[in-house]
Amino acid sequence: MSESSKMLAQYVSLTDIERKAIDILPKSVRDYYASGADEELTLDRNTSAYRKLLIRPRVLHDVKQLDNTVRLNIPGNEDKLFPYPIGIAPTAFHCMAHPEGELATCRAAGETNTLMICSSLSTTRMEDVMKNAPSGTHLWYQLYVYKDKRITENLVKRAIASGFKAIVFTVDAPMMGRRRADERNGFELPAHLRMANFDVETLESRTLEAKTGVSGFGKYSSELMESALTWDMLKWLIDYSTIPVLVKGVMRADDAIKCLEAGAKGIIVSNHGGRQLDSAPSTIEALPEVVNAVRGRCPVFVDGGIRTGTDIFKAIALGADMVFIGRPIIYGLAVSGSEGIKHVLKLLRIEFEYAMRLAGVSTIKDIRSNNMVVHENFYAKL
Ligand SMILES: Cc1cc2nc3c(=O)[nH]c(=O)nc-3n(C[C@H](O)[C@H](O)[C@H](O)COP(=O)(O)O)c2cc1C
Ligand SMILES: CCCCCCC(=O)C(=O)O
């Protein structure tokens, strides 16, 4: 057993890893990663809503052999089989958590055959992420739209040329939500880091000047990023991109239908980890209405507040094709680079298998088709 495996073995849950990461990261960095918007009502709800859902176990089913695999069918891509319905959500600035940053994350993704979405705001150039990813790593590129259309077009062109398999258009951020800790801390990127998808000398490559009460990143987003995100823009992107476009940040049935009508090839139910509109519902509450509206016409994914294998089980039971994990990946990275992320994924996979066996299901299809998950009110007796 390597030293790093021995060290990681002491962390038996994602909470353990989070505690350790919070312990070792500088304050303004951990606050940036951990915060939600405003009063953090949605941030809290993303996790607390899972606690109100109960799994109804079945008995006397053979669960010796499990099939946790999921086959993603995104028109425009070849079908792709993943060993678990667990992917890595796009998050900014991985080099703040660990010197190897996104290179470590894509290595962990490739070595575990996990789908990874790379953020526009990565601290490693997208071409380098792609070049260094183990062969066969399945990567999607997350897009933020800039006021200067040439910048956006350039990002899309480079993502396609680099070999990303899809563009994920984030639509829940016409402006950055207010994260109070970032304002108090005057958050900005540490001096040695850059938003590496932009040339060093450009304004886009650095957060703007911060001070107590003003987040340099808040300033960056309001000055440089597009706030007029529209359905026409989605249609433009779908037309412009030669690879499939998915939409991230959908929380309502009517919006999901419009995404389909515009030609989106997948929908990610997300409230940005509670970092945008505070008082938005949790994503697991929003998931069923989106799934019902989509009716299997494209894959539906969900992220936000997923911290255990039973959370994953619940999301799958309520219709998600796959879940994405945000903060816990960054915490694994902070604790032990690529190995730390693999440990996070391993814990989730083990817990998911426990949930399946103990609930009496052996396939993903079984999770979906047996009324396995109910709200706790199901058991409320007057
Ligand atoms: C530190 C941090 C940075 C993020 N950066 C991005 C980003 O660059 N693009 C994006 O679409 N979403 C971003 N997100 C949102 C995540 O993709 C995802 O929706 C969210 O983290 C899921 O919630 P979870 O952290 O509870 O798993 C970010 C989230 C966090 C916590
Ligand atoms: C206009 C939105 C900017 C947010 C960028 C990074 C991010 O997604 C996050 O911090 O959350």
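Conventions we followed
Within each chain, residue numbers correspond to sequence positions counted from 1 in written order. Working convention: letters from A go to chains and numbers from 1 go to ligands, in the order in which they are written. Since the coordinates come from a predicted model, pLDDT governs what is reported: local features require at least 70, and pairs of side-chain atoms require 80 or more to be given and counted, while whole-chain, interface and lining totals use all residues. As a rule here, side-chain values come from all non-hydrogen atoms in the structure, and water together with hydrogens is ignored. UniProt positions are given in the numbering used here, feature names are shortened, and annotations may be inferred rather than shown by experiment. Per the convention used, a helix needs a DSSP run of H or I reaching at least four residues, while a strand needs a run of E reaching at least two, with both numbered from the N terminus. Throughout, radius of gyration means the C-alpha value; the globule benchmark is 2.2 Å times the number of residues raised to the power 0.38. In this analysis, two residues are considered to be in contact whenever any of their non-hydrogen atoms come within 4.5 Å of each other. Only four residue types enter the tally: Lys and Arg on the positive side, Asp and Glu on the negative side, with His and both chain ends excluded. Lysine's charge is taken at NZ, arginine's at CZ, aspartate's at CG and glutamate's at CD. Residue exposure (1.4 Å probe, protein chains only): buried if accessible area is under 20% of the type maximum, exposed if over 50%, otherwise partly exposed. Nearness of a residue to a molecule or strand requires only that one of the residue's heavy atoms be within 4 Å of it. Whenever a nitrogen or oxygen atom comes within 3.5 Å of another N or O atom, the pair is scored as a polar contact, on the condition that within protein one atom can donate a hydrogen and the other can accept it, and that pairs from neighbouring residues in sequence are kept only if both atoms are in side chains. All accessibility values rest on the Shrake-Rupley procedure with a 1.4 Å probe; residue burial counts only the protein chains present in the view. In the scheme used here, Gly and all other residues not listed as nonpolar or charged are polar, with Ala, Val, Leu, Ile, Met, Phe, Trp, Tyr, Cys and Pro taken as nonpolar and Asp, Glu, Lys and Arg as charged. Space inside and on the surface of the protein is sampled on a 1 Å grid over the protein atoms alone, with a cavity defined as a set of points where a 1.4 Å probe fits but cannot get out and a pocket as an open set with protein on both sides within 12 Å along at least 5 of 7 lines; lining residues have an atom within 4 Å of a point. Grid points are joined across faces, edges and corners, and a volume is the space filled by probe spheres set on the points. Like-charged residues are merged into a patch within 9 Å and nonpolar side chains (Val, Leu, Ile, Met, Phe, Trp, Tyr) within 5 Å, provided each residue has over 30% relative accessible area and no salt bridge. One side-chain nitrogen of Lys or Arg within 4 Å of one carboxyl oxygen of Asp or Glu is enough to make a salt bridge.

The protein chain appears in an unreviewed UniProt entry as (S)-2-hydroxy-acid oxidase from Acrobeloides nanus. Taken directly from UniProt, the Cofactor (unreviewed entry) text for the protein chain runs: "FMN". Regarding the protein chain, the relevant UniProt record gives this comment under Sequence similarities (unreviewed entry): "Belongs to the FMN-dependent alpha-hydroxy acid dehydrogenase family."

**Student:** Can you help me understand the overall build of the protein chain in this one?
**Tutor:** Within the protein chain, the regular secondary structure consists of 15 helices and 12 strands. Expected size for 382 residues packed as a compact globule is a radius of gyration near 21 Å; at 20 Å, the protein chain falls within 12% of this value. Dimensions along the principal axes, computed over C-alpha positions, put the protein chain at roughly 65 × 50 × 50 Å. If you take every contact in the protein chain between residues at least 6 apart in sequence, the share linking residues at least 24 apart comes to 73%. Side-chain charges in the protein chain split into 48 positive and 46 negative, and the spacing between the mean points of these groups amounts to 3 Å.

**Student:** When you look at unusual backbone geometry in this model, what are you seeing that I'm missing?
**Tutor:** Working note: non-glycine residues mostly have negative phi, and peptide bonds are mostly trans. The phi angle at N113 is positive, at roughly 55°, despite the residue not being glycine. As for its position among the elements, N113 is in the loop between α5 (101-111) and β5 (116-118). Within the chain, R295 stands out as a residue other than glycine whose phi angle is a positive 50°. Among the secondary structure elements, R295 is positioned in the loop between α12 (283-294) and β10 (300-303).

**Student:** What is the right way to read the UniProt feature "binding site: glyoxylate" (unreviewed entry) in the protein chain from this model?
**Tutor:** According to UniProt, the "binding site: glyoxylate" (unreviewed entry) feature falls on Y32, Y144, R179, H272 and R275. By the secondary structure assignment, Y144 is in the loop between β6 (139-143) and α7 (149-162). Using a relative accessible area of 14% as the deciding quantity, one classes Y144 as buried. The residues touching Y144, leaving out its near neighbours within four places in the chain, are S120, L121, L155, T170, A173, M225 and H272. Locating R179 in the fold gives a position in the loop between β7 (167-170) and α8 (180-185). By relative accessible area, R179 is classed as buried at 4%. If we ignore the near neighbours within four places in the chain, the residues touching R179 are Y32, S35, G36, H272, R275 and Q276.

**Student:** Could you clarify how one ought to interpret the site of ligand 1 in this entry?
**Tutor:** By nearness alone, 23 residues border ligand 1, and P90, S119, T170, D303 and R307 come closest of all. Measuring from a nitrogen atom of ligand 1, one finds a backbone N or O atom of A92 at 3.1 Å. At 2.9 Å from an oxygen atom of ligand 1 is found a main-chain nitrogen or oxygen belonging to G305. About the coverage of ligand 1: the protein hides 99% of its 600 Å² of free accessible area. Of all the elements in the fold, those that place two or more residues in the shell around ligand 1 are α3 (27-34) and α14 (327-359). The residue inventory of the shell around ligand 1, partitioned by class, reads eight nonpolar, 10 polar and five charged.

**Student:** So what exactly am I meant to see when it comes to the site of ligand 2 here?
**Tutor:** If you check the shell around ligand 2, you find Y32, L121, Y144, A173, M175, M176, R179, F217, S221, M225, H272 and R275 and nothing else. Contact between ligand 2 and R179: an oxygen atom at 2.8 Å from a side-chain N or O atom of the residue. Within the contact set of ligand 2, an oxygen atom lies 2.8 Å away from a side-chain nitrogen or oxygen of R275. For ligand 2, whose unbound accessible area comes to 330 Å², protein coverage reaches 94%. When grouped by side-chain class, the residues that make up the shell around ligand 2 number eight nonpolar, two polar and two charged.

**Student:** Please explain the environment of S4 as it appears in this structure.
**Tutor:** Looking at the secondary structure, you find S4 in helix α1 (residues 3-9). Looking at S4, the relative accessible area reads 24%, which means it is partly exposed. Between the C-alpha atoms of S4 and G87, which are 83 residues apart in sequence, the distance is 23 Å. Among residues more than four places away in sequence, those in contact with S4 are S336 and E339.

**Student:** Could you clarify how one ought to interpret the side chain of T42 in this entry?
**Tutor:** Inspection of the secondary structure assignment puts T42 in helix α4 (residues 41-51). Not counting residues up to four positions away in its chain, the partners in contact with T42 are N271, G274, L277, D278, S279, A280 and P281.

**Student:** Looking at this structure, how should I read the layout of surface pockets?
**Tutor:** Here the idea is plain: a probe the size of a water molecule rolls over the atoms and shows the empty space left. Of the voids in this model, the second largest pocket is the one considered here, and its volume is about 570 Å³. Lining the second largest pocket are 22 residues, and of these V171, D172, P174, G249 and D255 lie nearest its centre. At the level of elements, α10 (231-240), β8 (245-250) and α11 (253-262) are the ones that each hand at least two residues to the lining of the second largest pocket. Top contributing element to the lining of the second largest pocket by residue count: β8, with three residues. Among the residues making up the lining of the second largest pocket, the classes are represented as 14 nonpolar, five polar and three charged.

**Student:** Help me understand a nonpolar patch on the surface, please; the structure alone is not making it clear to me.
**Tutor:** Judged by side-chain polarity, L54, F378 and Y379 come together as a nonpolar surface patch covering roughly 280 Å² of accessible area. Checked against the element boundaries, Y379 lands in the segment after β12 (373-375). For Y379, a relative accessible area of 43% translates into the label partly exposed.

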